[in-house]
Amino acid sequence: MANLIIDGSVLEGGGQILRNSISLSALLRKPITIQKVRNGRRPPGLKNQHRTGAHLLQEMFCSIAERVYSGILLAAEIASADVTGAKNGSSQVDFVPKHIAAGQYAADPITAGAATLLLQISLPLLLFAPEASTLTLKGGTNATGAPQADYIQHVFLPFARRHFGLNADLDIRRRGYFPKGGGQIDVKITPHMSLQAQVSWSEDPSPESEASRTLRDSQGKSGRASPMRPWPA
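The rules behind these values
Residues numbered from 1 in each chain as written. Predicted model: local features only at pLDDT ≥ 70, side-chain atom pairs only at ≥ 80, totals over all residues. Heavy atoms only, no water. Pairing = 2+ DSSP bridges. Helix = DSSP H or I, 4+ residues; strand = E, 2+ residues; numbered from the N terminus. Axes fitted to C-alpha atoms, helices over the stretch in contact; angles between N-to-C directions. Contact = heavy atoms within 4.5 Å. Salt bridge = Lys/Arg side-chain N within 4 Å of Asp/Glu carboxyl O. Buried < 20%, exposed > 50% of the residue type's maximum accessible area, 1.4 Å probe, protein only. pLDDT = per-residue confidence, 0-100. Core = buried A, V, L, I, M, F, W, Y, C linked by side-chain atoms within 4.5 Å. Bend = angle between axes of the 7 residues up to and from the residue.

- By the naming in an unreviewed UniProt entry, the protein goes by RNA 3'-terminal phosphate cyclase domain-containing protein and is assigned to Mycena citricolor.

In structure tokens, the structure reads:
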């Protein structure tokens, strides 16, 4: 399957195009190539919070080894994706996702890069994972030009829970500010099975996704989908 080409210079030409494109690529299982990455920024190209410092950690008295990811490779680990071009200053990234896996994930940009933007790229994926996952995200908790951790904790997540039934809990373990960073947020995400059952992709990936199969199986002989139930208040 040929990669879908994404122009990273569109509109503000920042990191948001990168995050949205990679999340949607993983959910739809569509390979993409993002060109002119952060072309509207000076300097352009990837920075630490967009790429990764990938190294393996082994916690004492713990049998679970966690990879430390940031940005693209955090999403790549969750989506079992092949990635090329994920290095500082890169103007093009190829992202080829396979399947989304639940797990314990950690990411650290080693800067004051916003931890909430790491959540922004990973939360949509883990809502469609087969079981609950945890995220340990480091960096800036109150960074300029990014959602504040307090806003995500007290406004966004409660709103999403009330109106869309999303189940995610965020704990600010340590605050981090520019220029040092060093903050940490822990997030527990429970997949939204009702949402998974009701989502129908415009073009089903191959092989057929679990969400698509569930939706198809819920259809009657008439071929019409069962009515969607309203989200809980």
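## Considerations on the sheet that holds strand S6 (residues 92-96)
Moving on, step 1. One open sheet holds the four strands; their spatial order is S1-S2-S6-S5, and the pairing between them is mixed. What marks the edges here is a single partner per strand, and that holds for strand S1 (4-7) and strand S5 (82-84). Ignoring which end each strand starts from, the neighbouring axes of this sheet average 15° apart.
Moving on, step 2. Sheet topology note: the S5/S6 ladder contains three bridges and is antiparallel. Note that in S6 the partner of threonine 84 across the bridge is aspartate 94.
Moving on, step 3. Sitting on the sheet, helix H1 (residues 15-28) is in contact with S1, strand S2 (32-35) and S6, with an inclination near 175° to S2.

## A closer look at the pattern of salt bridges
Moving on, step 1. Taken as a whole and assessed by the stated rule, the structure comprises five salt bridges.
Moving on, step 2. Taking the shortest distance from any N to any O, the salt bridge between aspartate 82 and lysine 98 comes out at 2.7 Å. Here aspartate 82, found in strand S5, pairs with lysine 98, found in the loop between S6 and strand S7 (104-107); they are 16 residues apart in sequence, far enough to count as distant.
Moving on, step 3. According to the relative accessible area criterion, lysine 98 is partly exposed, its value standing at 39%.
Moving on, step 4. Where arginine 173 meets aspartate 171, a salt bridge forms, and the shortest distance between an N and an O atom there is 3.8 Å.
Moving on, step 5. Salt bridges linked by common partners bring Asp171, Arg173 and Asp186 together as one network.

## Focus: the confidence of the model for the protein
It should be kept in mind that the predicted coordinates are not to be read in detail where pLDDT is low.
Moving on, step 1. On average, residues of the protein score 76 in pLDDT, and 72% of them are at 70 or above.
Moving on, step 2. Taken as a whole, residues 49-69 scores under 50 in pLDDT and shows 53 contacts with residues more than four places along the chain or in a different chain.
Moving on, step 3. Counting interchain partners and residues more than four positions distant, the pLDDT-below-50 stretch residues 218-233 has 13 contacts.

## Concerning the nonpolar core
In summary, soluble globular proteins display a tendency toward joint burial of nonpolar side chains.
Moving on, step 1. Ranked by internal contacts, the top residues of the largest apolar core, which has 47 residues, are Ile22, Phe95, Leu135 and Leu137.
Moving on, step 2. With seven residues, the single largest contributor to this core is helix H3 (residues 115-126).

## What to know about unusual backbone geometry
Moving on, step 1. Residue proline 179 is bonded to the preceding phenylalanine 178 through a cis peptide linkage, with omega at 5°.
Moving on, step 2. Its location among the elements puts proline 179 in the loop between strand S9 (167-174) and strand S10 (183-190).
Moving on, step 3. Residue arginine 29 is not a glycine yet carries a positive backbone phi of 55°.
Moving on, step 4. Among the secondary structure elements, arginine 29 is positioned in the loop between H1 and S2.
Moving on, step 5. Relative accessible area serves as the criterion here: at 25%, arginine 29 is assigned to the partly exposed category.
Moving on, step 6. Even without being glycine, isoleucine 110 reaches a positive phi, approximately 60°.

## A short note on helix H4 (residues 149-164)
Moving on, step 1. If you look at H4, its biggest bend is around 30°, right at phenylalanine 156, and the proline proline 158 turns up within four residues after that.
Moving on, step 2. Directly after H4, the chain includes glycine 165, whose backbone phi takes a positive value near 75°.

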